[in-house]
Each structure stands twice: as C-alpha cells, then as structure tokens.
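Tertiary structure, described
Below are the chains, spelled out letter by letter.
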Amino acid sequence: MCVTCGCSDDNQTTITNMENEHHHTHTLPDGTVITHTHHHEEAPQIHAKIHNTTISLEQEILGKNNLLAAQNRGWFKGRNILALNLMSSPGAGKTTLLTRTINDLKDKLTISVIEGDQETTNDAEKIKATGCKVVQINTGTGCHLDASMIERGLQKLNPPLDSVVMIENVGNLVCPALFDLGEAAKVVILSVTEGEDKPIKYPHMFRASEIMILTKIDLLPYVQFDVQRCIEYAKQVNPKMQIFQVSATTGEGLEDLYRWLNQKVAN
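Owing to the predicted nature of the structure, the values given are computational and were not obtained by experimental measurement.

On inspection of all chains with the given rule, the structure shows two aromatic pairs. Centre to centre, the rings of Trp75 and Phe76 are 5.8 Å apart; their planes meet at 80°, and the pair counts as edge-to-face.

Dropping the structure here:
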C-alpha cells in the first residue's frame, strides 16, 4: 500500500523470469490487456491496519521497506553489483535508453534488468531481445516497486558477480522516489516532450536522484522545451545533481553518460 498516492493495499504482484517462462500479451476488443504466462508467482496480499493516523502508517510502511532495502544493499555490495533505480513518468524513454545502453555496452559490462510495470511484459520482451537477463515485476494496481519486490526479483534474476543491475521502475514521478530499493543511486529520466518545469513540480523525485538524464534531445527542433530553464530548475531543487543530455536514437550525449556509468562501476 502507498499512503502517499492512495494506491490499493490489496494489489497482487507477479514476478516473471523471462528466461524460463513462456508468455504473451494481447488486447481484447474492449481494450482490456491480458498477459498469459505458463507459471507465475503471486505475492501474498498485505493488509495494513491504520492505528492512529496516516502519518504513522506511512512511517511503518517506509520503515519496513528501508530495512529490506538495507538488506538488498548489503546483498549487492557483497557481490560487487552496481544497482541503479531508473525512474521517470510514463513515456519518457526509459526502455529505449536502456536497450540502447545494453547493446552499446554488452562487450564491456554485464547488465541484468528488473523491469517494473503495472501490467504486461512488453518492455521486458524488448530487453530480452538484446540478450540481457531480465525479470518482469507486474505490480497490479501498485504505482511503484518496493524493496520486497526487488528482493524476490533478485532471487529469480540471479545476477552474476561484478555486474550491473538496472531497475526500471514503474512510470511515476511521485511514489518511486519515496521507496529505497537498495540501489546505489536513483536516476531520474526526463524527456523533452514533457514540460521543463517537471523538476519544480515534482521536487522530491529530482532531489532524491543523483543524476538527471534529459532524453529525446533529437526532438528539440520540433517541440517547445527550454533546456536551460529545465537545467536551472533541476539545479534549484538539487544543486549537486549531474545532468546528461542524450538521444537514444542518434546516440548524441551517450558517451558522457557511459563514462559516468563506468566510473560508478569502478567505484
């Protein structure tokens, strides 16, 4: 349950190992999306009782999550795995950037992916097509991943030692920022097809992130987006934030981003 946004506390989470399970997705005439898998794991429903106030419930949920996140962080550290939490609004280009990164760096880095969406395995299929190991987490009505989901996802993913795990969070600029997953860094992705004022509209997301990746810059000639103002807003919220301007389509700016990633791996 997410107290902040009010998403349901009776959502069911399914985790699909894309290596071992056959699945497909189709859309019914009425628009309903159905994903079939030969096997899936359902998380037990968690019912939280409100004792006093919403604040106490939120503290309880976040406190439990933070304990599990600390365990995840220790798990990553013990295996020398760099874990990054990729967050954005829907349609910002996380999956496109991720597939480009995997293809560009597959001979230099071993990358595995935990893919988070409310429904379907569409993005996980795109990741799988690169040859990368990927596990799909479907959150149902949930609007973000949490540390427990990552813990269970890692059991199926089983990433190798000395590697990178990219966690593609559910598209949402609010709640994912609140939930520590055990990652080494949060990364917020913003596209030029969105408003340049996103950093001041959603300050917690940009304040919590170590870097901001401004994507789809190849579209700048065709959209109204003030890059400099966006950067100023981001720095206003988080003066320490590093900012990269990239296009996953043309490759512009990716070398600087990859240099940052390699430095992060080395540290």
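Let's shift gears to the nonpolar core. In this structure, Val113, Met166 and Leu257 are the most contacted members of the largest nonpolar core, which totals 31 residues. For this core, the secondary-structure elements that each account for two or more residues are β5 (82–88), α2 (94–105), β6 (111–117), α3 (122–128), β8 (164–168), β9 (185–191), β10 (211–215) and α8 (254–266). With five residues, α8 is the largest single contributor of residues to this core. Ignoring any residue separated from it by four or fewer positions in sequence, one finds Val113 in contact with Leu98, Ile102, Ile127, Cys132, Lys133, Val134, Val135, Leu157 and Met166. If you look at the next biggest cluster of nonpolar residues, it comprises 18 residues, including Val188, Ile217, Ala234 and Val237.

Before going further, it helps to spend a moment on the environment of Arg79. Within the element layout of this structure, Arg79 appears in the loop between α1 (54–78) and β5. Among the residues examined, Arg79 registers a relative accessible area of 30% and is labelled partly exposed. Separated by 80 residues in the primary sequence, Arg79 and Pro159 place their C-alpha atoms 9.1 Å from one another. When residues no more than four places from it in sequence are discounted, the contact partners of Arg79 are Leu161 and Asp162.

With that settled, the discussion passes to the pattern of salt bridges. With the rule as written, the count across this model stands at seven salt bridges. Arg259 is paired through a salt bridge with Asp256; the nearest N and O atoms lie 2.7 Å apart. Of this pair, Arg259 and Asp256 are both found in helix α8, three residues apart, which corresponds to roughly one turn of the helix.

Under the criterion given, the structure shown has two cavities of 30 Å³ or more. Taken as a whole, the largest cavity holds about 130 Å³ of empty space. When grouped by side-chain class, the residues that make up the lining of the largest cavity number 13 nonpolar, one polar and one charged.

Quick notes on the rules
Residues numbered from 1 in each chain as written. Predicted model: local features only at pLDDT ≥ 70, side-chain atom pairs only at ≥ 80, totals over all residues. Heavy atoms only, no water. Phe/Tyr/Trp six-rings, centres within 6.5 Å; stacked < 30°, edge-to-face > 60°. Core = buried A, V, L, I, M, F, W, Y, C linked by side-chain atoms within 4.5 Å. Buried < 20%, exposed > 50% of the residue type's maximum accessible area, 1.4 Å probe, protein only. Helix = DSSP H or I, 4+ residues; strand = E, 2+ residues; numbered from the N terminus. Contact = heavy atoms within 4.5 Å. Salt bridge = Lys/Arg side-chain N within 4 Å of Asp/Glu carboxyl O. 1 Å grid on protein atoms, 1.4 Å probe; cavity = no way out; pocket = protein on both sides within 12 Å on 5 of 7 lines; lining within 4 Å. Points joined across faces, edges and corners; volume = space filled by probe spheres on them. Nonpolar A, V, L, I, M, F, W, Y, C, P; charged D, E, K, R; others polar.

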